[in-house]
Amino acid sequence: GGAMARMGHNHVISSKDVQGILLLHEDIKRSRVDIKLPTMSLIVDEPQQRSTEGDDFAAEVPADAREGTRRNLLRTEVLDGEHFPNITLQSIAVAGTRARPELTMRITIKEVARDVLVMATLQEKGTLLTVKGEFAIKQTDFGITPFSVALGALQVLDQLKIKFSIVCRQQ
């Protein structure tokens, strides 16, 4: 965002180190989700991930720019990865159907918790469960100051779109 937005680019932040438990009960309301996302495992603008997100993410981001963005992401003012090693997501209510669960998730970032409604889809194939969905959060709701430079002429927008695809193995 900002007057110099055309000088910047959209980011894709991903992780391959999501940990947690999905307890899927026959009565969907008795299901539960607990997820821990280590902040230090976040990957910024991985080319393969960017290529799946469409034209707004078509430009390749040089390695030094990716590392700079990652450093900014982990700064004290943003995620403060040194003092807050995890982002957690915990279901506090589950509704909907098995194939289309509606989850009220308590998201905690830097010890600030907010409840967010998450609409998801669940696909079962053998012993694998794939859960996909998306939702939005505002950084300021979690006490995070969105990154900006040049007195806000170039800035990360407050609202972030979160998309997820998590594969679970039944045990």
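The structure this text deals with has already been given above.
None of these values were measured; they are calculated from a predicted model.

J.: Just to check I follow, could you spell out the overall build of the protein chain for this structure?
T.: A count of helices and strands for the protein chain gives 2 helices and 11 strands. Starting at the N terminus and ending at the C terminus, the protein chain contains elements arranged as β-β-β-β-α-α-β-β-β-β-β-β-β. A globule of 171 residues ought to have a C-alpha radius of gyration of about 16 Å, and the protein chain, at 17 Å, matches this closely. The dimensions of the protein chain, computed from C-alpha atoms along their principal axes, are 55 × 30 × 25 Å. Across the 171 residues that make up the protein chain, the buried fraction comes to 32%. Residue pairs at least 24 apart in sequence account for 57% of intrachain contacts in the protein chain once pairs closer than 6 positions are excluded.

J.: Mind showing me how you'd approach unusual backbone geometry here?
T.: Despite not being glycine, D45 has its phi angle at roughly 55°, a positive value. On the accessibility criterion, D45 (0% relative accessible area) is buried.

J.: Sorry, what's going on with the sheet that holds strand β7 (residues 112-125) here?
T.: The strands that make up a sheet pair up through hydrogen bonds in the backbone, lying either parallel or antiparallel. Taken together, 7 strands build an open sheet; the order of strands is β2-β3-β5-β6-β7-β8-β11 and the sheet is antiparallel. Strands with a single pairing partner mark the edges of an open sheet, and in this sheet they are β2 (19-23) and β11 (159-169). Sheet twist, expressed as the average angle between the axes of neighbouring strands with direction ignored, equals 25°. Pairing between β2 and strand β3 (residues 32-38): 5 bridges, direction antiparallel. Counted as the bridge partner of L23 is R32 from β3.

J.: How do you make sense of the packing of aromatic side chains when you look at a structure like this?
T.: Here the distance between the centres and the angle between the planes together describe a pair of aromatic rings. Counting across every chain of the model gives 1 aromatic pair. A ring pair is formed by F135 and F164, whose centres lie 6.3 Å apart and whose planes are at 55°; its orientation type is tilted. Of this pair, F135 sits in strand β8 (residues 128-138) while F164 sits in strand β11; the two residues are 29 residues apart in sequence, bridging distant segments of the chain. The exposure class assigned to F135 is buried, which follows from its relative accessible area of 11%.

J.: Got a minute to help me understand the nonpolar core in this structure?
T.: Soluble globular proteins tend to bury their nonpolar side chains together. In terms of nonpolar packing, the biggest core is built from 28 residues, with L79, I107, I109 and F135 touching the most fellow members. The set of elements that each furnish at least two residues to this core consists of β3, β5 (86-96), β6 (101-109), β7, β8 and β11. Residue contacts for I107: discarding those within four places in its chain leaves I87, T88, L89, V112, A113, R114, V116, F135, I137 and F142.

J.: Help me understand the pattern of salt bridges, please; the structure alone is not making it clear to me.
T.: Where side chains of opposite charge bring their charged atoms close, a pairing between them can arise. Under the criterion given, the structure shown has 8 salt bridges. A salt bridge links K163 to E53; its shortest N-O distance comes to 3.0 Å. Here K163 is found in strand β11, whereas its partner E53 is found in the loop between α1 (47-51) and α2 (63-74), with 110 residues between them in sequence. In this structure, the salt-bridge partner of D115 is R106, at a minimum N-O distance of 2.7 Å. Taking the relative accessible area as the measure of exposure, D115 reaches 41% and is therefore partly exposed.

Calculation criteria
- Residues numbered from 1 in each chain as written.
- Predicted model: local features only at pLDDT ≥ 70, side-chain atom pairs only at ≥ 80, totals over all residues.
- Heavy atoms only, no water.
- Helix = DSSP H or I, 4+ residues; strand = E, 2+ residues; numbered from the N terminus.
- Rg over C-alpha atoms; globule rule 2.2 N^0.38 Å.
- Buried < 20%, exposed > 50% of the residue type's maximum accessible area, 1.4 Å probe, protein only.
- Contact = heavy atoms within 4.5 Å.
- Pairing = 2+ DSSP bridges.
- Axes fitted to C-alpha atoms, helices over the stretch in contact; angles between N-to-C directions.
- Phe/Tyr/Trp six-rings, centres within 6.5 Å; stacked < 30°, edge-to-face > 60°.
- Core = buried A, V, L, I, M, F, W, Y, C linked by side-chain atoms within 4.5 Å.
- Salt bridge = Lys/Arg side-chain N within 4 Å of Asp/Glu carboxyl O.

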